[in-house]
Each structure stands twice: as structure tokens, then as C-alpha cells.
Amino acid sequence: MKAQLSIIGGGVMGEAILSRLIASNLYLPSDVCVSDPMPERRALLEKKYGVQVTPNNLVAAAAEIMLLAVKPQSLNAAAIGLANAPATCIVSILAGVTLAQLEVMFPSKPIIRAMPNTPAQVGAGVTAIAANALVTAAQLDAVRKIFGAVGTVVEVAESLMNAVTGLSGSGPAYVALMVEAMADGGVAAGLPRAIAMQLATQTVLGTAQLLTETNLHPAQLKDQVTSPAGTTIAAIAQLEKAGLRSAMIEAVLAATRRADELGN
Ligand SMILES: NC(=O)c1ccc[n+]([C@@H]2O[C@H](COP(=O)([O-])OP(=O)(O)OC[C@H]3O[C@@H](n4cnc5c(N)ncnc54)[C@H](OP(=O)(O)O)[C@@H]3O)[C@@H](O)[C@H]2O)c1
């Protein structure tokens, strides 16, 4: 049976997207087929979501939309035999892999390159998409709906996709590092670990919500928190001394460069 959607690679991101598509009723489990080499993984996805599973990418490829969710290093192996895949539209979430490279692998196919992030697991992701010239308005709409089920969708020029990868694709790891470090600071100052984690996580969540809902510039928010001769400016002086801003800028650039390398 031809599935509406196939997912090639049922790992972290494949499952994150799958789980929201099923939970939001955008796809019926019977309309989705997931291909993964690991029997335990297939069994888990089949049991948890009721989807079709297969170890054979060619079987899965018989779908309206084929979502490639393998690691960039596994793409060549995963794509063997898929050049003439019956899939109508190919969607790739692979870091660094360009539309031009995908067009060589899947000649004459409508292809969309996408970069989601792991908050997709809770429907709070952000995904950038870029389409090739063969994608129809209906296909773009269908793919927008897929990523809309896991969060916000933005369209960007394909030339910016590696920068997106360096910022929002990899970004949850930077924020997680910051939350962990803030909690460690709280523990160093005497807070119990569980309370410190709750305070750190909610501070990040609330600050993101405040910035989103008020459209405040981050500098204005910082100024609101920073009393003259107060506690916050003492902390900020330390962060500036340690080069936090520069470290964050360099981190995004390093991830962007790595995405460039993965595409070569
Ligand atoms: N994780 C993120 O935050 C994130 C965010 C945005 C985009 N991405 C992109 O999403 C892709 C997947 O990342 P991930 O973190 O989900 O990786 P992952 O957890 O390793 O998932 C990849 C899955 O593909 C399977 N696989 C390997 N070779 C295959 C083949 N030939 N055919 C079918 N399936 C195959 C893997 O099985 P085995 O484990 O048995 O090899 C694994 O289950 C990557 O290209 C990454 O750049 C990831």
C-alpha cells in the first residue's frame, strides 16, 4: 500500500516529527511508513505510534512524501536504489546536504530542504524550509503543515540553511548547556539541585515567552533587570569578562562551518 508519508530513519528527529504528526491527527498511523535498520527501533515505533515499519527503504519510498531523516554520513547508503523512488516529493532534514546534492540523487523530483530542531518533540520547534523549483504550491503547503505540527515554520533562501542549522538547529544544545550551568551556579550558591533546575529552566522559558509576547529587544529586557549597583550588573560584568557574547557568536559560526563541511 502506498503510504502518504514515509520517514527514512526513525531516530531522534524522525520520531520527534512522527510523534507530533500522529498526536495532531495530521496523519493516520496507517498512512505513515517508517524505515529503519534496527529491529528494536522499528518495533518500538510500531508499538508506540501504530505506524507501518520496514527495514527496506525502497518499500518505504512508495509514498506521497518521503522525509529523509538519516545522518548526513548515512545518506549515500540510505539512498541506494532510491533515485527513481516512487515518492512524489522528497523532504530532507539533513544538516549541510544541499538541494543541488539531493537533485543529483533524486533527478527531476520536487525537493524541500528543511532544518527543524528538537523542541519539535513538544510542538515548540522552529523549522526553516527551502524548496527547489519543481515543488508545487500544494506540496509546499503539505510540507508546511508537517512542520507546522511540530512548531513554527519559516521560509529562507537555501543559501541560509547552514546558518539556520548553526543557530536554531543546534541551538537547543547551547540553551541546555546554559540551563545546566545556571543550575550549577545555583547549587554552588547553596540551592538544592531540583530547585536550581526548576528555577533555571523556568527562567529561560519565561524570558523567551516575554521576548516573544512583548517584542522587547533583548537589550531592553536586560536593562529592565539590571538595577544600578545591583546584583545583575555584577553578574553581567563577569559574563562579559568571560566573553559570553563572543563565545555564542563563534559557536553559531562554528556550527555553520561544520554544516558547510557536511555538505562537501
Ligand atoms: N538531532 C537534532 O537535533 C537534529 C535537528 C535538525 C536536523 N537533524 C538532522 O536529522 C538527521 C537525523 O538526526 P538524528 O539526530 O535523528 O539522528 P539519529 O537519531 O541517529 O537517527 C537516524 C536514524 O536513521 C537510521 N539509519 C541509519 N542508516 C539508515 C539507512 N541506511 N536507512 C534508513 N535508516 C537509517 C539510524 O539507525 P542506526 O542508529 O541503527 O544507525 C537512526 O535510527 C540528521 O541528518 C541531522 O542532521 C537533527
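The structure presented is a predicted model; accordingly, all values stated were derived computationally and were not measured.

## A closer look at the UniProt feature "domain: Pyrroline-5-carboxylate reductase dimerisation" (unreviewed entry) in the chain
Now for step 1: In the numbering used here, UniProt assigns the feature "domain: Pyrroline-5-carboxylate reductase dimerisation" (unreviewed entry) to residues 158–262.
Now for step 2: Along residues 158–262 the backbone is 83% helical and 0% strand, and the end-to-end C-alpha distance reaches 15 Å.

## Overview of the sheet that holds strand β5 (residues 89–92)
Now for step 1: One open sheet holds the 8 strands; their spatial order is β3-β2-β1-β4-β5-β6-β7-β8, and the pairing between them is mixed. At either end of the open sheet lies a strand with only one pairing partner, and these are β3 (52–54) and β8 (151–155). Here the strands of the sheet are splayed against their neighbours by 25 degrees on average, with no regard to which way each runs.
Now for step 2: Both strand β6 (residues 111–115) and strand β7 (residues 125–131) contribute to a ladder of 4 bridges, which runs antiparallel. Residue pairing in the sheet places Met115 in a bridge with Ala128 of β7.
Now for step 3: On the sheet, helix α6 (residues 137–148) packs against β1 (3–8), β4 (63–68), β5, β6, β7 and β8 and is oriented at approximately 145 degrees with respect to β8.
Now for step 4: Along the sheet, helix α7 (residues 161–169) makes contact with β6 and β7, crossing β6 at roughly 30 degrees.

Procedures and definitions
- Residues numbered from 1 in each chain as written.
- Predicted model: local features only at pLDDT ≥ 70, side-chain atom pairs only at ≥ 80, totals over all residues.
- Heavy atoms only, no water.
- UniProt positions renumbered as here; feature names shortened; annotations may be inferred.
- Helix = DSSP H or I, 4+ residues; strand = E, 2+ residues; numbered from the N terminus.
- Pairing = 2+ DSSP bridges.
- Axes fitted to C-alpha atoms, helices over the stretch in contact; angles between N-to-C directions.
- Contact = heavy atoms within 4.5 Å.

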